[in-house]
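The chain contents come next:
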Amino acid sequence: MTDQSTEQLVTELSTISDFVRFGASAFNQAGLYFGHGTDNAWDESVFLTMYTLNLPDDLFSQVGQCKLTTPEKEELLAIYQRRIDEEIPAAYITNQANFAGLPFYVDERVLVPRSPIGELIVQRFNKQLPVGTSPSRILDLCTGSGCIAIACAYQFPEAEVDAVDLSVDALNVCQINIESHGLMEQVIPIQSDIFSGVEGQVYDLIVTNPPYVDQEDVDALPKEFLHEPEMGLGSGHDGLDITRKILAQASQHLSELGVLICEVGNSQVHLQAQYPEVDFEWLTFEKGGHGVFMLTKAQLDQHSEIFKARA
């Protein structure tokens, strides 16, 4: 958008709906990738537009025909242009992301929350946890922004939740979110290389969304992903370097009825090929998503020699 075209657009576009439509068209024309909170140009345009106008997304249908001031129009065109020029996820522009129905602060120190595990959390893991039980201790391994740990704390208010990550930068963002949700007494951020920082600790539920992108996929990632911390994405040639270590060590950190929930995304095919003897339970999602498995402590113990040998 040149200065001349910006001036023309400010004159010709009038309402919020006009700008959302224009933004969506511009995003599609630019060939942007959508996968960090939205999956299409229209929703991305609504998100950025309503953020810029300091309005909640769900008000769009009610205010779409409201006219905009010239400064508002200019600010909207500028934010659309930034999204196009920098190919940066919208969540990093707004420093806002939603997960499991909750708002989170995000910046380029952490991945943008998007795990399908959010659906399981909202359902309180009712199909994964033993019937009639509620976890008293939960571990969010590779916590990043802390979104999984914090969402779990909302669903299980009596549980103690540890949020661990190797990255101090990520833990600093996690702390921001813990404080903004008022959960300083319930969610504890811990620096840890996988389980190193929680030695001797036992949990009823371990939830983890570790780095799992294989090298082939890393090399082919759209530019939007290059703004995310590399250590949060790749995990060796098959994407399983960290997952193998988790499988080898998780059992000793689970209570007798404990459960491990782990996301490996597209590396599911590598995991199944590497452990054909293991009966992973692959979970299904109503809202989309794949590559998340569960194993009980008993199953982890059953295959412990295999997991340790291949870690």
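Above this text you will find the structure in question.
First, a word on scope: everything that follows refers to the structure included in this document. These numbers were taken from a predicted model, which means no experiment stands behind them. (Residues numbered from 1 in each chain as written. Predicted model: local features only at pLDDT ≥ 70, side-chain atom pairs only at ≥ 80, totals over all residues. Heavy atoms only, no water.)

With four of five residues buried, strand β9 (residues 292-296) is to be regarded as a mostly interior element. Pairing of strand β7 (residues 254-263) with β9, which is carried by five bridges, proceeds in the antiparallel orientation. Counted as the bridge partner of Cys262 is Phe293 from β9. By the bridge criterion, two bridges tie strand β8 (residues 281-282) to β9 in an arrangement that is antiparallel. Opposite Trp282, over in β9, you have Phe293 as the bridge partner. (Buried < 20%, exposed > 50% of the residue type's maximum accessible area, 1.4 Å probe, protein only. Helix = DSSP H or I, 4+ residues; strand = E, 2+ residues; numbered from the N terminus. Pairing = 2+ DSSP bridges.)

The next thing to look at is a negative patch on the surface. A cluster of acidic residues, Asp39, Asp43, Asp57 and Asp58, forms a negative patch on the protein surface. By secondary structure assignment, the location of Asp39 is in the loop between α2 (16-30) and α3 (41-52). (Patch = residues over 30% accessible without salt bridge, like charges linked within 9 Å, V, L, I, M, F, W, Y side chains within 5 Å. Areas by Shrake-Rupley, 256 points an atom, 1.4 Å probe, with all protein chains shown as cover. Salt bridge = Lys/Arg side-chain N within 4 Å of Asp/Glu carboxyl O. Lys, Arg positive; Asp, Glu negative; His and termini not counted. Charge placed at Lys NZ, Arg CZ, Asp CG, Glu CD.)

So, on to the sheet that holds β8. Strand order in this open sheet of seven strands is β5-β4-β3-β6-β7-β9-β8, and the pairing throughout is mixed. Strands at the two margins of the open sheet, each flanked by one partner only, are β5 (187-191) and β8. As defined by bridge partners, strand β6 (residues 203-208) adjoins β7 across five bridges and the pair is classed as parallel. Bridge pairing in β7 places Leu205 opposite Val259. Packing of helix α11 (residues 241-249) onto the sheet brings it into contact with β3 (137-141), β6, β7 and β9, and relative to β7 it is tilted by some 170°. (Contact = heavy atoms within 4.5 Å. Axes fitted to C-alpha atoms, helices over the stretch in contact; angles between N-to-C directions.)

Below, the discussion takes up the pattern of salt bridges. All told, the structure shown has 12 salt bridges when counted by the stated rule. For Glu224, the salt bridge identified is with Arg83, shortest N-O distance 3.1 Å. Note that Glu224 is positioned in the loop between α10 (215-219) and α11 and Arg83 in helix α5 (residues 70-86), a separation of 141 residues in sequence. The class of Arg83 is buried, set by a relative accessible area of 1%. The salt bridge partner of Lys297 is Asp301, with a shortest N-O separation of 3.7 Å. Note that Lys297 and Asp301 are positioned in helix α13 (residues 297-302) at a spacing of four residues, about one turn of the helix. On the accessibility criterion, Lys297 (10% relative accessible area) is buried. Judged by relative accessible area, Asp301 falls into the partly exposed class, the value being 37%. Three or more residues joined by partner-sharing salt bridges are found here, namely Glu44, Arg83 and Glu224.

Now for the packing of aromatic side chains. For the structure shown, the criterion picks out nine aromatic pairs. With a centroid separation of 6.5 Å and an interplanar angle of 65°, the aromatic rings of Phe99 and Phe104 are classed as edge-to-face. Per residue, the accessibility class of Phe99 equals that of Phe104, and both read buried. Ring centres of Tyr275 and Phe280 lie 6.3 Å apart, and the angle between their planes is 75°; this geometry places the pair in the edge-to-face category. When sorted by exposure, Tyr275 lands in the same class as Phe280, which is buried. Among the aromatic residues, those joined into a ring-pair cluster are Tyr275, Phe280, Trp282, Phe293 and Phe307. (Phe/Tyr/Trp six-rings, centres within 6.5 Å; stacked < 30°, edge-to-face > 60°.)

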